[in-house]
Amino acid sequence: MHRWSKLFIPTLREAPAEAEVASHKFLVRSGYIRQLGAGIYSYLFLGQRSIDRIVAIVREEMDRIGQEFLLPTIHPADLWRESGRWTIMGDAMFRLKDRKGADLCLGMTHEEVVTDIARNELRSYKQLPQIWYQIQTKFRDEPRPRAGLLRVRQFIMKDSYSFDLDEAGLDRSYKLHDQAYRAIFTRCGLNFVVVEADSGAMGGSQSQEFMVYTDAGEDLVASCAACGYAANLERATSRLAPVKEMEPTGDGKPELVSTPGQAAIADVTKFFNIDSASDIKCVAYMATIPVKNSDPKKGPQTMAIPLVAFLRGDHFVNETKLLKVAGATDLRPMGPEELETYLHAPAGYLGPVGLKPKKAVDPGPDLSEFEAGEVTVILDPGLENRRNLVCGANKVDYHYRNVVPGRDFQWTKVADIRNVLEGEGCPQCGAPLKVARAVEVGHIFKLGNRYTDKMGARVLDANGKEVTPIMGCYGIGIERILVAAIEQGNDANGFWLPRSIAPFDVIVTITNVADAALKTAGEKIASDLEAAGFDVLLDDRDDRAGVKFKDADLIGVPWRVTVGKKVAEGKVELVTRATASGSDIAIADIAAELGRLAAQR
RNA sequence: CGGGACGUGGCUCAGCCUGGUAGAGCACUCGCUUGGGGUGCGAGGGGUCGGCAGUUCAAAUCUGCCCGUCCCGACCA
């Protein structure tokens, strides 16, 4: 039993001014956390207890499928140079030097470290499969820490890595993680969805994310209530409603039209009196791509190439999709000079007619592969097979109409590069899609042999042939489980956590400790509840009842037992925080009643 | 990194525009009071006004640079 009078639980009446989302405000107000710097937090008593309970659940479920390790936080740079990620990770990586001047970094993920172990130790297919996991602090120098514990620079991650002989094995390891994750998030009381995801910087083929819907989230999820389809917006697709094509004017060939001052899509559609779906939007980028066959001594070299995306006027570019299509590591909008160089026109009058599209997206050994004026042109499928469109003429104050893709201009590649919009048809069943914000609490990837291959991990298969093990990697953000749970259950007065991850199961509030009868009764009830298996916080502070009620409501404990005047009648009040509903219970029955409520969840 | 905002006791903020004595509420300490939704009264302690430089007789206040924090975008658990 813990007595509040002896504890450090610094609750605040007011939230810090910089806190905007509920979980951030309440984590600080409830004394769970304190900020040390941008994206760096101390976990105080209550915060640490809750984290501990989350970790215990994660560990229990992971132990069913894998083995726990604890890998180093400080990594030699050479390890990361081998995988090529010393450069790729860029500024997100915390770097330091040791006394000898050797480069080191703080671990932001551990593929390199586990692959190093694997290549040194694994020799035979008989040693596979392996699933290794750890629960450990990760360091990422995030460009923008956000919203309390939602996005931080130091956080606890459960990360695991699987090694299998073949695809079928990887499928099994992946499936095991899928099941373990579902069990973990269910036990943590999260209302989560599993979505198709982009595999991002990790590379690899299949990947899915575990998401909790909340407006505080940073991700957007497109989902279909009819068939269950759900995907991160970075990956989601949709069926488009058919567009009514316009009739051609004149001889049906592209016609140059003077459109002075009509630069924005809204202006152009108004000028021509057309739907924006019949206008071609042009978004011009400079893309950074790795140079093929670059000198390995010099490390990976990159070059900037012109990349122009065309899509429907009412659609929006998804840069994650575009990066992937272009094989690029970075995108930035073209500046005015670059627009002049490659498109010969300023923004607002850009179009596909007359461009020299590069033959393939695959970059050559160097820039000389590009013929003068060549640009990589990506066409969104929303424009393919369309007719009589309007687009910029690559000439100030002029547009074309009657433009037909394929007849009047060519492209490098057709690829889905747009954001799905709410209401568009589900790609599986056609029902209208919803788009909502969510927090990513877990992510599982099929990695393939990218690391094992590069770093030289090999085992002999049953035929004595050398093969490269295939990897999967899997992550859970421990603090994000807490954040998501708070976002999921809060009101004006505070929040409530599921019992499984709350710092205490129940708080016993003695309304007036100056009253010896109440004090004695409270102590007895608290120790009885503890004996019955509950984690009990006894609020024995010499404060007014109102103060203690406010605090109890604030700190996330799912139940409260109020020990007050009715003790004289042998009763106390049992309140469920989530519903703010309570009832009087005979003191003798309190443990049984609480057990009954706990079992309902 | 691009755009925006802010930085004054532990917390929330006023004062700055129009330079001259640094304030309030909450929190804290002591006394009394009260005792089922942040009790009331009284007395106290606590601030290099983010830092550095400049302007000025005089800077929290005006100017410049730097640092820090938050928000919106590009990245991710």
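Analysis parameters
- Residues numbered from 1 in each chain as written.
- Chains lettered and ligands numbered in written order.
- Predicted model: local features only at pLDDT ≥ 70, side-chain atom pairs only at ≥ 80, totals over all residues.
- Heavy atoms only, no water.
- Helix = DSSP H or I, 4+ residues; strand = E, 2+ residues; numbered from the N terminus.
- Lys, Arg positive; Asp, Glu negative; His and termini not counted.
- Charge placed at Lys NZ, Arg CZ, Asp CG, Glu CD.
- Pairing = 2+ DSSP bridges.
- Contact = heavy atoms within 4.5 Å.
- Axes fitted to C-alpha atoms, helices over the stretch in contact; angles between N-to-C directions.
- Phe/Tyr/Trp six-rings, centres within 6.5 Å; stacked < 30°, edge-to-face > 60°.
- Buried < 20%, exposed > 50% of the residue type's maximum accessible area, 1.4 Å probe, protein only.
- Lys NZ or Arg CZ within 6 Å of the ring centre and 35° of its normal.
- Polar contact = N/O pair within 3.5 Å; in protein donor to acceptor, adjacent residues only side chain to side chain.
- Arc of directions from axis to C-beta.
- Domains from an automatic or database assignment.
- Parallel < 35°, antiparallel > 145°, perpendicular 65-115°, else oblique.
- Left-handed = near helix turned anticlockwise from the far one by under 90°.
- Nonpolar A, V, L, I, M, F, W, Y, C, P; charged D, E, K, R; others polar.
- Core = buried A, V, L, I, M, F, W, Y, C linked by side-chain atoms within 4.5 Å.
- Salt bridge = Lys/Arg side-chain N within 4 Å of Asp/Glu carboxyl O.

What follows is about the overall build of chain A. Within chain A one finds 14 helices and 34 strands. C-alpha extents for chain A along the principal axes are approximately 95 × 65 × 45 Å. For chain A, the distance from the average site of its 75 positive side-chain charges to the average site of its 82 negative ones is 2 Å.

Before going further, it helps to examine the sheet that holds strand β30 (residues 536–539). Taking strand neighbours across the sheet as the criterion, the 6 strands line up as β1-β30-β29-β32-β33-β34 in an open arrangement whose pairing is mixed. Because the sheet does not close on itself, it has two edges, and the strands there are β1 (2–3) and β34 (581–586). Across 4 bridges, strand β32 (residues 559–563) lies against strand β33 (residues 571–576) in antiparallel orientation. Looking at β33, one finds that Arg 560 is bridged to Val 575. Strands β29 (506–510), β30 and β32 of the sheet are contacted by helix α13 (residues 545–554), whose axis makes an angle of about 175° with β29.

A few words on the packing of aromatic side chains. All chains considered together, the criterion is met by 12 aromatic pairs. Ring centres of Phe 409 and Trp 411 lie 5.7 Å apart, and the angle between their planes is 65°; on these two criteria the pair is classed as edge-to-face. Phe 409 gets classed as buried once you look at its relative accessible area, which sits at 4%. Among the aromatic side chains, those forming a connected cluster through ring pairs are Tyr 181, Phe 185, Phe 192 and Phe 210. Sitting over the face of the ring of Trp 86, Arg 95 holds its NZ or CZ atom 4.5 Å from the ring centroid.

The next point concerns the environment of Lys 281. Within the secondary structure, Lys 281 is located in strand β15 (residues 280–290). Separated by 35 residues in the primary sequence, Lys 281 and Met 246 place their C-alpha atoms 17 Å from one another. Ignoring any residue separated from it by four or fewer positions in sequence, one finds Lys 281 in contact with Ile 265, Ala 309, Phe 310, Leu 311, Arg 312, Gly 313, His 315 and Phe 316. Within the structure, the side chain of Lys 281 is placed 2.5 Å from the backbone oxygen of His 315, a separation counted as a polar contact.

This part takes up the sheet that holds strand β27 (residues 490–491). Read from one edge to the other, the open sheet built from 3 strands follows the order β27-β28-β31, with strand pairing classed as mixed. The open sheet is flanked by β27 and β31 (555–556), the only strands paired with a single partner. Alignment of β27 against strand β28 (residues 494–496), held across 2 bridges, turns out to be antiparallel. Paired with Asn 490 across the bridge in β28 is Phe 495.

Burial in helix α8 (residues 319–326) covers these residues: Lys 321, Leu 322, Val 325 and Ala 326. The arc that holds the buried residues of α8, viewed along the axis, is 125°, so those residues lie on one side. Looking at where α8 begins, the residue whose side-chain oxygen comes 3.0 Å from the main-chain nitrogen of Thr 320 is Asn 318. Following α8 by one or two positions, Gly 327 has its phi on the positive side, about 65°.

As a further point, take the domain arrangement of chain A. Per the domain assignment, the segments making up chain A are domain 1 (12–189 + 450–486), domain 2 (255–414) and domain 3 (504–600). With centres defined by C-alpha atoms, the gap from domain 2 to domain 3 works out at 66 Å.

This brings us to the packing of helix α2 (residues 45–63) against helix α6 (residues 167–187). In helix packing, the relevant descriptors are the interaxial angle and the interaxial distance, both defined with respect to the helix axes. Close contact between α2 and α6 brings their axes to 9 Å; oriented N to C, the two are set at 150°. When the axes of α2 and α6 are compared, the pair comes out roughly antiparallel. The interaxial crossing formed by α2 with α6 has right-handed handedness. Across from Ile 57, Val 58, Glu 60, Glu 61 and Met 62 in α2, the residues of α6 making contact are His 177, Ala 180, Tyr 181, Ala 183, Ile 184 and Arg 187. Looking at the contact of α2 with α6, its residues break down into 7 nonpolar, 1 polar and 3 charged.

Turning our eyes to something else, we now look at the nonpolar core. One broad rule of soluble globular proteins: the nonpolar side chains tend to lie buried together. Grouped together as the largest cluster of nonpolar side chains are 63 residues, with contacts concentrated most on Tyr 181, Phe 185, Leu 190 and Leu 497. Formed jointly, this core draws a minimum of three residues from each of two domains, domain 1 (12–189 + 450–486) and domain 3 (504–600). Not counting the four nearest positions on each side in its chain, Phe 185 is found in contact with Leu 190, Phe 192, Phe 210, Val 441, Gly 442, Ile 476 and Ile 481. Residues Leu 79, Ala 118, Leu 128 and Cys 473 belong to the second largest nonpolar core, which totals 25 residues.

Two numbers describe how α2 lies on helix α11 (residues 478–488): the axes approach to 9 Å, and their chain directions differ by 115°. On the basis of their axis angle, the class for α2 and α11 is roughly perpendicular. In terms of crossing hand, the pair formed by α2 and α11 is right-handed. Contacts from Ser 50, Ile 51, Ile 54, Val 55 and Val 58 of α2 reach α11 at Ile 478, Glu 479, Ile 481 and Leu 482. Residue composition of the contact of α2 with α11, by class: 7 nonpolar, 1 polar and 1 charged.

This paragraph deals with the pairing of strand β20 (residues 389–392). Sheet analysis places β20 next to strand β21 (residues 398–403), joined by 3 bridges and oriented antiparallel. Following the sheet pairing, Cys 391 is matched in β21 by Tyr 400. Here β20 hands over to β21 after 5 residues, with Asn 394 in that stretch at a positive phi of 55°.

This brings us to the side chain of Lys 138. Note that Lys 138 resides in strand β8 (residues 130–139). Judged by relative accessible area, which is 0%, Lys 138 ranks as buried. Not counting residues within four places of it along the chain, the set of residues in contact with Lys 138 comprises Gly 107, Met 108, Thr 109, His 110, Arg 153, Gln 154, Phe 155, Met 157 and Asp 159.

Looking at the secondary structure, you find Gln 488 in helix α11. The spatial distance from the C-alpha of Gln 488 to the C-alpha of Asn 191 is 7.9 Å, given a sequence separation of 297 residues. Within the structure, the side chain of Gln 488 is placed 2.8 Å from the backbone oxygen of Gly 189, a separation counted as a polar contact. At a separation of 2.9 Å, a polar atom in the side chain of Gln 488 contacts the main-chain amide nitrogen of Asn 191.

It is worth spelling out the environment of Thr 186 at this point. Relative to the elements of secondary structure, Thr 186 occurs in helix α6. Remark: the alpha-carbon pair of Thr 186 and Lys 138, spanning 48 residues in sequence, is separated by 24 Å.

Taken as a whole, this structure holds 40 salt bridges when the rule is applied. A salt bridge links Arg 59 to Glu 68; the shortest N-O distance between them is 2.7 Å. On the basis of relative accessible area, Arg 59 is assigned to the partly exposed category, the value being 31%. Among the residues examined, Glu 68 registers a relative accessible area of 33% and is labelled partly exposed. Members of the salt-bridge network, linked through shared partners, are Arg 49, Arg 53, Arg 499, Asp 505 and Asp 535.

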